[in-house]
Amino acid sequence: MSHIETLEELQALYGEPGQASLVKETAEVIPQYRAFIEASPFCTIATMGDARDGGMLDCSPRGDLPGFVRVHDERTLMMPDRKGNNRTDTLRNVVADPRVALCFLVPGSLNALRVNGEAHLSADSELLSSFAVEGKAPRSVMIIRTRSVYFQCGRAVVRSKLWDRDVQVDPANLPTPGEVLAHVSDNEVGGPDYDAEWSGRALKTLW
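The structure contained in this document is the topic of the report that follows. Along each chain, residue indices are assigned from 1 in the same order as the chain's sequence is written. A pLDDT threshold of at least 70 governs which residues receive local features in this predicted model, and a stricter bar of 80 or more applies before side-chain atom pairs are shown or counted, although totals over entire chains, interfaces and linings include all residues. Side-chain calculation: all heavy atoms of the structure are included, whereas hydrogens and water are not.

**Re the packing of aromatic side chains**
Phase 1: Classification of ring pairs rests on two measures: the distance between centres of Phe, Tyr or Trp rings, Trp counted by its six-membered ring, which must be within 6.5 Å, and the angle between planes, read as stacked under 30 degrees, edge-to-face over 60 and tilted in between. Applying the stated criterion across every chain yields a total of zero aromatic pairs.
Phase 2: To sit over a ring, a charge needs its Lys NZ or Arg CZ within 6 Å of the ring centre and within 35 degrees of the ring normal. Against the face of F151 rests K24, its NZ or CZ located 4.8 Å from the ring centre.
Phase 3: Its guanidinium or amino end placed over the ring of F131, R70 lies 3.7 Å from that ring's centre, counting from NZ or CZ.

Encoded structure:
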């Protein structure tokens, strides 16, 4: 199997990007990009851990009410950390290495928005209170200094038919979290009771 091992080989295969692919990238959040972020209820965030510990990568989903990532100013985003599984993979990585990459989606839109930058965490009580939902504040807020912001064209969404209801998969045809946990733990955790109780438990701990 042939491997592409140099940047020269890669460039020879793909050529140069077009003007639109380059001019769309900005360091700041322009008004058009701000509108996309404020409409988005979902993004993924990629981080890298301390190289001395192997530099473990992490890519995690984040979702909340539309606009949950706050545009503080044209170079600053703020994202609350809501309740989850307490693994803190993303947060530990940010403490070790501030580089982050985000990809925002808006249901129904063919485009995505990508953000690269550096982040740090804050537990300032006044800031946390400003992100409270139903009286519940996050435990930390990630503050992101943007380095590049640009939209991703809709080819991936079109090819995947992501928003097409006619191709949605019936969850009943997929393994459940309870089944996965039972399998990997030799039935010590998980199982049907875990699945039956999850939705009620999750609704009580969304924020």
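**A word on the nonpolar core**
Phase 1: In these notes, a set of buried Ala, Val, Leu, Ile, Met, Phe, Trp, Tyr and Cys residues joined through side-chain atoms within 4.5 Å is what counts as a nonpolar core. Relative accessibility thresholds used throughout: buried, under 20% of the residue-type maximum; exposed, over 50%; partly exposed, between the two (1.4 Å probe, protein chains only). Among the nonpolar cores identified, the biggest contains 24 residues, and I37, L77, M79, V100, L102, F104 and M142 are the most heavily contacted of them.
Phase 2: By the criteria applied, helices consist of DSSP H or I runs no shorter than four residues and strands consist of E runs no shorter than two, each listed in order from the N terminus. Secondary structure elements with two or more residues in this core: α3 (31-39), β1 (42-48), β4 (76-81), α4 (89-96), β5 (99-105), β6 (112-122) and β7 (140-152).
Phase 3: The element best represented in this core is β7, accounting for four residues.
Phase 4: Residues within four places of V100 in sequence aside, it is in contact with I45, A46, T47, V94, V115, N116, G117, E118, A119, M142 and I144.
Phase 5: M78, L127, L128 and F131 belong to the second-largest nonpolar core, a separate cluster that totals six residues. The contact definition used throughout considers only heavy atoms, calling two residues in contact when any of these lie within 4.5 Å.

**Observations regarding a nonpolar patch on the surface**
Phase 1: Put simply, a patch holds well-exposed residues, over 30% relative accessible area, that have no salt bridge, with like charges counted together within 9 Å and Val, Leu, Ile, Met, Phe, Trp or Tyr side chains within 5 Å. Here the accessible surface of atoms and residues is derived via Shrake-Rupley with a 1.4 Å probe, and residues count as covered only by protein chains that are part of the display. What counts as a salt bridge is simple: a side-chain nitrogen of Lys or Arg found within 4 Å of a carboxyl oxygen of Asp or Glu. A surface patch of nonpolar side chains, about 590 Å² in accessible area, is lined by I4, L7, L10, L13 and Y14.
Phase 2: You can see L10 is positioned in helix α1 (residues 7-14).
Phase 3: Here L10 falls in the partly exposed class, since its relative accessible area comes to 38%.

**So, the side chain of T26**
Phase 1: Inspection of the secondary structure puts T26 in the loop between α2 (19-23) and α3.
Phase 2: Under the relative-accessibility criterion, T26 is labelled buried at 16%.
Phase 3: Polar contact is defined as a pair of N or O atoms within 3.5 Å, subject to the rule that within protein one atom must be able to donate a hydrogen and the other to accept it, and that residues adjacent in sequence are counted only when both atoms are side-chain atoms. Among the polar contacts made by the side chain of T26, one reaches the main-chain carbonyl oxygen of E28 at a distance of 2.7 Å.
Phase 4: The residues touching T26, leaving out its near neighbours within four places in the chain, are Y33, R147, S148 and V149.

**Looking at unusual backbone geometry**
Phase 1: Residues other than glycine seldom take positive phi values, yet T88 does so here, at roughly 55°.
Phase 2: Taking relative accessible area as the criterion, T88 reaches 35% and is therefore assigned partly exposed.
Phase 3: The phi torsion at K161 lies on the positive side, around 55°, for a residue other than glycine.
Phase 4: Position of K161 among the secondary structure elements: in the loop between α6 (155-160) and α7 (177-184).
Phase 5: For K161, a relative accessible area of 47% puts it in the partly exposed group.

**Some remarks on α3**
Phase 1: Taken residue by residue, α3 has Y33, F36 and I37 as its buried positions. An end-on view of α3 places all buried positions within 100° of arc, on one side of the element. Residues of α3 that are exposed and angled more than 90 degrees away from the buried face: P31 and Q32.
Phase 2: Looking at the buried positions of α3, the neighbouring elements they touch are β3 (70-73), β4, β5, β6 and β7. The directions considered for the arc run from the helix axis to the C-beta atoms.

**Thoughts on the side chain of T47**
Phase 1: Relative to the helices and strands, T47 resides in strand β1.
Phase 2: Exposure remark for T47: the relative accessible area of 4% places this residue in the buried category.
Phase 3: A distance of 3.0 Å separates polar atoms of two side chains, one belonging to T47 and the other to N93.
Phase 4: Not counting residues up to four positions away in its chain, the partners in contact with T47 are M56, L57, D58, T90, N93, V94, R99 and V100.

**Description of the pairing of β3**
Two faces, one strand: in a regular strand the side chains alternate between the faces of the sheet.
Phase 1: In the sheet, β3 pairs with β4 via three bridges, with the strands oriented antiparallel. Bridge pairing in β4 places D73 opposite T76.
Phase 2: Between β3 and the antiparallel strand that follows it, β4, lie two residues. For two strands to be treated as a pair, DSSP must find no fewer than two bridges joining them.

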